[in-house]
Amino acid sequence: YKLIDLFRELAVGVAELLGSLGSVSILLVVLVGLVLARILVLVGTNDSDGENLPDIMRAVAKRGGSIPSFPVVVKTVASAMAIGTGGAVGAEGPVAVAGSALGSKFGRIFRSGPSRLKVLVACGAAAGISAAFNAPIGGVFFSLEKVVGNFGVASFPPVLVASVISAVIARAAFGNSP
C-alpha cells in the first residue's frame, strides 16, 4: 500500500506538471504508468508465467511450494505502479502472492520439507489476504481452501496464527477500515 501511495503521489505530481494539457494529462499519466508497468514485467521477469494465485496453487500441488522470489517482487512493484497511476486493478492478489512467495522463501532458507513448505506458503497467502481485506478468518479459509486444498489439522493452527498476526499489524499500520 505504501508503494501504491508512492506511485500515486508521483502520478499526481506529473499530472500537475502537465496541467497545461488539461484532462489529457490524466489520461497520459495513466497510459504511461500502465506501459511502464508492462515493460517492467517484460524486462524484469522475461515475461515468466504468472506468479498469480493459480500459479501459487500449481506450485503447491506440483513443486512442493517452491515459488521463485524475484518475479514475484517485480510483478508486485509493477502492480503497485499500475494501481498508483490509475490502472483499474486490485492490490489483493499481488499481496497474497507476495505473502506466499515470502513464506516459500523462508521455507527454502530453512530447508523445510515439502509438507512444511506448503504450510508456509499457505501462511503467507493467508497473511496477505488478511492484511488486504482486514479479514483474518477470511484469509484462513481462503488459504486453506485454495492454496492447501484441505482443512487439515496440521495446517490450520499456523495459518490461523499468521493470518491474525497479519491483521493486527495491518490494523496498526493502516487503521481499522478494510
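Residues numbered from 1 in each chain as written. Predicted model: local features only at pLDDT ≥ 70, side-chain atom pairs only at ≥ 80, totals over all residues. Heavy atoms only, no water.

J.: Looking at this model, I keep getting lost on helix H5 (residues 92-109). Mind explaining?
T.: Every α-helical turn comprises 3.6 residues, leaving residues that sit three or four positions apart pointing alike. Counted at 1.5 Å a residue, the expected span for H5 with its 18 residues is 26 Å, and the 26 Å between its end C-alpha atoms agrees. Buried positions along H5 lie against helix H3 (53-62), helix H4 (69-84) and helix H6 (114-133). Backbone geometry just after H5 places Arg111 at a positive phi near 55 degrees. (Helix = DSSP H or I, 4+ residues; strand = E, 2+ residues; numbered from the N terminus. Expected span 1.5 Å × (residues − 1). Contact = heavy atoms within 4.5 Å.)

J.: What exactly am I supposed to notice about the packing of helix H7 (residues 136-148) against helix H8 (residues 156-174) here?
T.: The relative placement of two packed helices is expressed as an angle between their axes plus a distance between the axes. Running from N to C, H7 and H8 point in directions that differ by 140 degrees, and their axes come no closer than 8 Å. As far as their axial angle goes, H8 and H7 are oblique. The handedness of the crossing between H7 and H8 is right-handed. Residues Pro136, Ile137, Gly139, Val140, Ser143 and Leu144 of H7 form the contact with H8, whose own contacting residues are Phe156, Val159, Leu160, Ser163, Val164 and Ala167. Classifying every residue of the contact of H7 with H8 gives nine nonpolar, three polar and no charged. (Axes fitted to C-alpha atoms, helices over the stretch in contact; angles between N-to-C directions. Parallel < 35°, antiparallel > 145°, perpendicular 65-115°, else oblique. Left-handed = near helix turned anticlockwise from the far one by under 90°. Nonpolar A, V, L, I, M, F, W, Y, C, P; charged D, E, K, R; others polar.)

J.: Help me out: how do you make sense of the side chain of Ser143 in this one?
T.: Mapped onto the elements, Ser143 comes out in helix H7. Separated by 2.5 Å, the side chain of Ser143 and the backbone oxygen of Ala122 make a polar contact. In contact with Ser143, other than residues within four places in its own chain, are Ala122, Cys123, Ala125, Ala126, Val148 and Val159. (Polar contact = N/O pair within 3.5 Å; in protein donor to acceptor, adjacent residues only side chain to side chain.)

J.: How should I be thinking about the pattern of salt bridges in this particular structure?
T.: Side-chain pairs of opposite charge can arise whenever the charged atoms involved come near each other. A full pass over the atoms with the stated rule returns one salt bridge. Salt-bridge contacts for Asp5 lead to Arg8; the nearest nitrogen and oxygen are separated by 3.6 Å. One end of the pair is Asp5 and the other is Arg8, both in helix H1 (residues 2-17) and three residues apart, which spans about a single turn. (Salt bridge = Lys/Arg side-chain N within 4 Å of Asp/Glu carboxyl O.)

J.: Explain the nonpolar core here, please?
T.: In a soluble, globular protein the nonpolar side chains are often hidden away together inside. The biggest cluster of nonpolar side chains holds 18 residues, and the ones touching the most others in it are Ile56, Ile67, Val72, Val121, Cys123, Val147 and Val159. Residue assignment for this core shows that the elements contributing at least two residues are H3, H5, H6, H7 and H8. Filtering out sequence-adjacent residues up to four positions away, Val121 remains in contact with Ile56, Val60, Gly65, Ile67, Ser100, Gly103, Ser104 and Val147. Formed by ten residues, the second largest nonpolar core is a distinct cluster that contains Phe7, Val41, Met81 and Ala82. (Core = buried A, V, L, I, M, F, W, Y, C linked by side-chain atoms within 4.5 Å. Buried < 20%, exposed > 50% of the residue type's maximum accessible area, 1.4 Å probe, protein only.)

J.: Looking at this structure, I do not really get the packing of H5 against H6. What am I missing?
T.: It is the contact of H5 with H6, at a shortest axis distance of 7 Å, that shows an interaxial angle of 150 degrees. One finds that H5 runs roughly antiparallel with respect to H6. Taken as a pair, H5 and H6 cross one another with a handedness that is right-handed. In this structure, H5 contributes Glu92, Val95, Ala96, Gly99, Ser100, Gly103, Ser104, Gly107 and Arg108 to the contact, and H6 contributes Leu117, Leu120, Val121, Gly124, Ala125, Gly128, Ile129, Ala132 and Phe133. Residue composition of the contact of H5 with H6, grouped by class: nine nonpolar, seven polar and two charged.

J.: I'm lost on a nonpolar patch on the surface in this one. Help?
T.: On the surface, a nonpolar cluster with roughly 840 Å² of combined accessible area is contributed by Leu21, Val24, Leu28, Leu31, Val32, Val35, Leu36, Ile39, Leu42 and Val43. Along the chain, Val35 falls in helix H2 (residues 24-45). On the basis of relative accessible area, Val35 is assigned to the partly exposed category, the value being 41%. (Patch = residues over 30% accessible without salt bridge, like charges linked within 9 Å, V, L, I, M, F, W, Y side chains within 5 Å. Areas by Shrake-Rupley, 256 points an atom, 1.4 Å probe, with all protein chains shown as cover.)

J.: Explanation requested: H2 in the structure shown.
T.: Compared with an ideal rise of 1.5 Å per residue, which puts 22 residues at 32 Å, H2 spans 31 Å between its outermost C-alpha atoms and is within 8% of the ideal. By the burial criterion, the buried members of H2 are Ser25, Val29, Gly33, Ala37, Val41 and Thr45. The buried residues of H2 occupy one face: seen down the axis, they fall within an arc of 145 degrees. Away from its buried face by more than 90 degrees, H2 exposes Val24, Leu27 and Val43. At its buried positions, H2 is contacted by H1 and H4. Two residues or fewer after H2 comes Asn46, characterised by a positive phi angle close to 55 degrees. (Arc of directions from axis to C-beta.)

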